[in-house]
Structures are given as structure tokens and as C-alpha cells.
Amino acid sequence: MLKIEANWIDLRYLDALSNQNTFIHRLNPCVKLIAALSFIIAVTSFSKYEITGLFPFFLFPAVLLSLGNLPVAPIGKRLLLVAPFVLFIGIFNPLFDHTPITKIGSIVITGGWVSFFSITIRLCLTITTALILVATTGIDAIGSALLRIGVPKIIVVQLLFMYRYLHVLVEEFVRSTTAYSLRSFHGDGVQFRAWGSLLGQLLIRSIDRANRIYQSMLCRGFDGEVRLMRTSTLTISDIGYLTFWMVFFVLIRFFDVPELLGKLLMGVF
């Protein structure tokens, strides 16, 4: 249970990184959000058999990590946390897609393996970019940017509440499992037959806790509006940042840069 709490603390640590004062952190949140969404759309628009065309996209998160002065370890830990889900999504592709794609020596590479690696690369790129966006912008500023680009307020508010109060649900879960362990004579964790009642109690306690939180918010004047302590305006740096990355994404999406570089090198040597 301590691992669950430690992982959530790490996630809040990424949000705390947004208080730095680097070039990336000072950019307009809307600009950073649009650039990240454009990156995700460009990455996911490739065919399922594309691998080499995705390599130039690694430049975007690498530049953000460098200019944003972000530690690599927390980003890597969050990425490893979702690795099982990534593997689960694509691991069955080699079992169903036996279309020959290429051949290395006597080994035939099927389309299932190619699509598996392609999905893995794309998910790693998109998830890493989302984590970097949180670490350089902050969840509150991201919510404000979502409102400015036209996302309905109810969705943004629910997203912010889910992020802010997910640790409350984790706390209730840890408390319930700890209470069960203290009253259990087995000492080997929660028994399978007890999970139904345990989850039911967790649901009841979470609903009760949510009602108390909501009443507290109403007493403090909450009216559904998302307000920030600081505002940001559009500057020349913001326009240059967005223009550069949009042009870069278009170029590497519609031109096979690795193939062009390979032909150029072969022509030189």
C-alpha cells in the first residue's frame, strides 16, 4: 500500500515542478497545450506499421526536458508505471497479424511485431509529452488553457477535481486495507473473498467523503468557476515557440526524414 501512496506523491511532485522559472515554464499555457495536442495528433496519425518515421518526434520531449530543467527520473518512473498497460494493448498483435513485412537474414519480421513496436513507441511519446506538460505548466494552468480553447467548463472542473482528490480516494483505500490487515489473522494481504465487501465499503466511504468536501467548498463560496492566482498573455516568444513546433511537426509528419538522411549519406559516401 505504501507503493500506491509513493506513486501518487510522485505525481504531485510533477505538478510541483511547474513552479520553476525557465523559458518553457514562462510560456503561455494555451501555447504549450496546443503544441502538445498537435504533437499527439501527429504521432497517432501514422500507420500501424510505421516505426522509423516516429524517431524524429523524440526531439520534442527531449528539448522540453532540457529547456524546462526537468529531472528525467520522475518522468521515467511515471512512464514505467503505465508500461504494463502499453504492453497489454499491443502484445496480442504478433499473435493475430502474421503478414510478412521484412526479413533480417533468415528471420521473417511479421506485421504483428512491427505494429507492436510502433504502438509502444507512440504511447511512450504521447504519455511522456503529457507528463512533461504537467511538469512545465501545472494542472491549474492546464485547466485554464482548456477553457480558453473551448472545452466545456463542466469537463474541465471534473478533470481538476479528479486530479486534486484522487489522493483522497487512495487514502481511503489504504486506510481500509490497513484496517483489514490489522484485523486479519492470516497476514498475507486481503483475501479474495473479502474484496467485494472491501470495495463496497470504499465506495460508501468515498461518497460520504465527497459530500463533506462538496459542502465545505460551498461554505467557502465555490460557484463552479476556475480561478487562477496568475494570468498570462501572448508574447512574441509564445508565437515563435508555437510556429516553430507546428512547422516542425508538419515537416517530419509528411516527409520521411530518416529515409532522406539515409539517401543523403549514401550519396555522400
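Structure: see above.
Residues numbered from 1 in each chain as written. Predicted model: local features only at pLDDT ≥ 70, side-chain atom pairs only at ≥ 80, totals over all residues. Heavy atoms only, no water.

Visitor: Quick one: what's the story with the packing of aromatic side chains, residue by residue and with numbers?
Guide: Inspection of every chain in the model, using the stated rule, returns 16 aromatic pairs. Here Phe39 and Phe57 contribute two aromatic rings whose centre-to-centre distance is 5.8 Å and whose plane-to-plane angle is 65°, an arrangement assigned as edge-to-face. In this pair, Phe39 is assigned in helix α3 (residues 29-44) and Phe57 in the loop between α3 and α4 (59-67), connecting sequence segments 18 residues apart. A residue is classified by how much of its surface remains accessible, and Phe39, at 0% relative accessible area, is buried. Phe57 gets classed as buried once you look at its relative accessible area, which sits at 0%. The interplanar angle of 75° and the centroid separation of 5.0 Å between the aromatic rings of Phe244 and Trp245 together place this pair among those described as edge-to-face. Owing to a relative accessible area of 4%, Trp245 belongs among the buried residues under this scheme. (Phe/Tyr/Trp six-rings, centres within 6.5 Å; stacked < 30°, edge-to-face > 60°. Helix = DSSP H or I, 4+ residues; strand = E, 2+ residues; numbered from the N terminus. Buried < 20%, exposed > 50% of the residue type's maximum accessible area, 1.4 Å probe, protein only.)

Visitor: Can you explain the layout of surface pockets? Please cite residues and give values.
Guide: In this structure, the second largest pocket occupies an estimated 470 Å³ of space. Ala130, Val134, Ile139, Leu159 and Tyr163 are the residues nearest the centre of the second largest pocket, which is lined by 16 residues in total. Elements supplying a minimum of two residues to the lining of the second largest pocket: α3, α8 (111-137), α9 (139-148) and α10 (153-182). For the lining of the second largest pocket, a count of residues per class yields 16 nonpolar, no polar and no charged. (1 Å grid on protein atoms, 1.4 Å probe; cavity = no way out; pocket = protein on both sides within 12 Å on 5 of 7 lines; lining within 4 Å. Points joined across faces, edges and corners; volume = space filled by probe spheres on them. Nonpolar A, V, L, I, M, F, W, Y, C, P; charged D, E, K, R; others polar.)

Visitor: Could you give an account of empty space enclosed by the protein, with specific residues and numbers?
Guide: Under the definition given, this model contains one cavity of 30 Å³ or more. Looking at the largest cavity, its volume works out to about 50 Å³. Considering the residues around the largest cavity, the lining is formed by Ile24, Lys32, Ala36, Phe60, Leu64, Thr129, Leu133, Thr136 and Tyr241. Those elements that provide at least two residues to the lining of the largest cavity are α3, α4 and α8. At three residues, the largest contribution of residues to the lining of the largest cavity is made by α8.

Function cannot be read off these values alone, since they describe shape.
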